[in-house]
Amino acid sequence: VTSCKGGVGKSTTSINLAIALQRLKNQVGILDMDMYGPSIPRLMNLVGHRAQADQANKKILPVRNYGLQAMSMGFCMEEGKSAIFRGPILSAGATQLIQETSWEELDILVIDMPPGTGDLPLTVAQRVSLDGAVVVSTPQQVAIADTVKGMDMLRTLNVPILGMVENMSHWICSKCGNEEKLFGEGGVDTTCKDFNVPLLGRIPFHPDVLMSSDDGTPVTITRDPDDPLAKPYFDLAQAVLDELSRKKQEENLGPRITMD
Amino acid sequence: MGIEKVKHVVTILSGKGGVGKSTIACQLGLCLAEMGHNVGLLDVDICGPSMPIILGMQGQGIMRDKDTNMMLPAAVKTVNKGAGRCVALSIALIVEDQTAAIVWRGPRKTALIKQFFNDTDWGELDFLIVDTPPGTSDEHITVLDVLKDVKQSGIVLITTPQQVSVDDVRKELTFVKKAGWKCLGVVENMSGFVCG
């Protein structure tokens, strides 16, 4: 789950997508690649938890909650400490988290990417064979300008783009029901057309979703799948599964090349 | 000339992305210019430069001094007759293709940021406002390195009320303290909403 722009809701989307996938009967892991400001521990109500060593295999054991296996720099550092590293050390740390986490069998690993197009996304793309990217953006032009760069980077790195998510697409006042397009509209739809990728979902801006991030109780855990706040994430999860399945079928239909 | 004749350097930081650093950096710079001060706006976010979009300067290029080959920051429009000089520099003002990703590892970003400070003719400025990307990596360490001898440096931290953002600001404050920088204060952005 990626976006070149910060603050568009990648981590909130990642955790809710992961939980929705898990509730749709998949074994799911979540890997937090934000080395500077890892949010996944807070979003999973796991602040203060530290990853334990898997002594036998010389690896790190993922931390568990909500039926997910999770790994984050936040489980390997003291709370409140910042990772003040230049790129090469950051990349080495990221590589360790990728290669040395002792995941149990997983159907899907959701990787929550940090913003930007520098060392970390390059490291992930080089170390992991990615089945696809879900690109998150708000409709705002400043966000779209950066998101487009992120998608250009994905194309350059040959990472398939499964589609886009328009986050914070609109806000509904809890008192009067007035709907506001806080960040404008149309930007994500246009970008989908320009890159010929599907729009996987539109997720509204709601204070309860924000508060659930702060409380570490994602809406996909506390609410039913057909609840108005949870449903967009369950629909997104199904859309991601459908796109992964479609891409796999396309690969299988390709010509078989044999050498005699 | 670099930043020799800059009186105050204010760096805008936030551990978290999307809290409004660039918006506040631009608005702060423009307000100071409209009040009559000479202001420079420097965008060191190489991967996602937002300043030119916010200032309405997309497509505006920058020039180089013929004799010294120093970069000349681009002029920013101000409104008041008594406004000071306002100039800006960002990688988005240099590259032609605004949609192409700049996929650089740390050393290249570091080299360009040093050029933005030292190989640019900023002239005489009362304030240089530096807008940074989220995090505490190459860009921030480089800014720290370049500004270590500049006594008037200070930083302004931006956050939203959300705990996820405050968590990152706490980390950023740890970074600022370790660096020996002066924290001028914290801005709570997007602190409330008035329904239309």
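Report follows, based on the coordinates. Note that the structure is a prediction, hence the values are computed from the model and not measured.

**Focus: the overall build of chain A**
Across its full length, chain A carries nine helices and 10 strands. Relative to the 2.2 N^0.38 estimate, which gives 18 Å for 260 residues, the radius of gyration of chain A is 18 Å and therefore close to what a compact globule would have. Projected onto the principal axes, the alpha-carbon positions of chain A cover approximately 60 × 55 × 40 Å. Burial statistics for chain A: of 260 residues in total, 56% are counted as buried. When contacts within chain A are restricted to residue pairs at least 6 apart in sequence, long-range pairs at least 24 apart make up 75% of them. For chain A, the exposed area adds up to about 12000 Å²; of that, 47% sits on carbon and sulfur atoms. When the 24 positive and 32 negative side-chain charges of chain A are each reduced to one mean point, those points stand 3 Å apart.

**Comments concerning the sheet that holds strand E9 (residues 183-188) of chain B**
Two strands in a sheet stick together by hydrogen bonds in their backbones, pointing the same way (parallel) or opposite ways (antiparallel). All names here are of chain B. Spatial strand order, E5-E6-E2-E7-E1-E8-E9: seven strands in an open sheet with mixed pairing. Sheet topology places strand E5 (74-75) and E9 at the edges, where each strand pairs with a single neighbour. Bridge count for strand E8 (residues 154-159) against E9 is five bridges, and the pairing is parallel. Note on E9: the bridge partner recorded for Val156 is Gly185. Each of strand E2 (39-43), strand E6 (86-89) and strand E7 (125-131) touches helix H3 (residues 106-118); the most contacted strand, E2, lies at about 175 degrees to it.

**Focus: the interface of chain A and chain B**
Taken together, the contact pairs 44 residues of chain A with 40 residues of chain B. Here chain A meets chain B over a buried area of about 3400 Å², counting both sides, of which 58% is carbon and sulfur. At the boundary of chain A and chain B, one finds two salt bridges. The closest approach of N and O atoms between Asp167 of chain B and Arg42 of chain A, which form a salt bridge, is 2.3 Å.

**Points about the pairing of E8 of chain B**
Regular strands show a simple pattern: their side chains alternate between the two faces of the sheet. All names here are of chain B. Summarising burial for E8: six of the six residues are buried, a large majority. By the alternation rule, side chains of E8 split into Gly154, Val156 and Ile158 and Ile155, Leu157 and Thr159, which are all buried. As judged from the four bridges shared by strand E1 (residues 6-13) and E8, these two strands associate in the parallel manner. Bridge pairing in E8 links Thr11 to Ile155. Traced from E8 through helix H5 (residues 163-179) to E9, the parallel crossover comes out right-handed.

**As for the layout of surface pockets**
Residues and elements named next belong to chain A. Considered as a void within the structure, the second largest pocket measures approximately 530 Å³ in volume. Lining the second largest pocket are 27 residues, with Leu109, Ile111, Leu130, Asp131 and Gly132 positioned closest to its centre. By residue number, the principal contributor to the lining of the second largest pocket is strand E6 (residues 108-112), which donates four residues. Among the residues making up the lining of the second largest pocket, the classes are represented as 22 nonpolar, three polar and two charged.

**Observations regarding the sheet that holds strand E4 (residues 63-65) of chain A**
Residues and elements named next belong to chain A. Across the sheet, four strands lie side by side as E4-E5-E1-E6; this open sheet has mixed pairing. The sheet terminates laterally at E4 and E6, the two strands that pair on one side only. Strand-to-strand twist of the sheet, defined as the mean angle between neighbouring strand axes without regard to direction, takes the value 25 degrees. Across five bridges, the pairing between strand E1 (residues 28-32) and E6 is parallel. Following the sheet pairing, Val28 is matched in E6 by Ile108.

Thresholds, definitions, all that
Residues numbered from 1 in each chain as written. Chains lettered and ligands numbered in written order. Predicted model: local features only at pLDDT ≥ 70, side-chain atom pairs only at ≥ 80, totals over all residues. Heavy atoms only, no water. Helix = DSSP H or I, 4+ residues; strand = E, 2+ residues; numbered from the N terminus. Rg over C-alpha atoms; globule rule 2.2 N^0.38 Å. Buried < 20%, exposed > 50% of the residue type's maximum accessible area, 1.4 Å probe, protein only. Contact = heavy atoms within 4.5 Å. Areas by Shrake-Rupley, 256 points an atom, 1.4 Å probe, with all protein chains shown as cover. Lys, Arg positive; Asp, Glu negative; His and termini not counted. Charge placed at Lys NZ, Arg CZ, Asp CG, Glu CD. Pairing = 2+ DSSP bridges. Axes fitted to C-alpha atoms, helices over the stretch in contact; angles between N-to-C directions. Buried area = accessible area lost by both parts, 1.4 Å probe. Salt bridge = Lys/Arg side-chain N within 4 Å of Asp/Glu carboxyl O. Right-handed = clockwise from strand over helix to strand, strands pointing away. 1 Å grid on protein atoms, 1.4 Å probe; cavity = no way out; pocket = protein on both sides within 12 Å on 5 of 7 lines; lining within 4 Å. Points joined across faces, edges and corners; volume = space filled by probe spheres on them. Nonpolar A, V, L, I, M, F, W, Y, C, P; charged D, E, K, R; others polar.

Everything listed is a geometric property; what it means functionally is a separate question.
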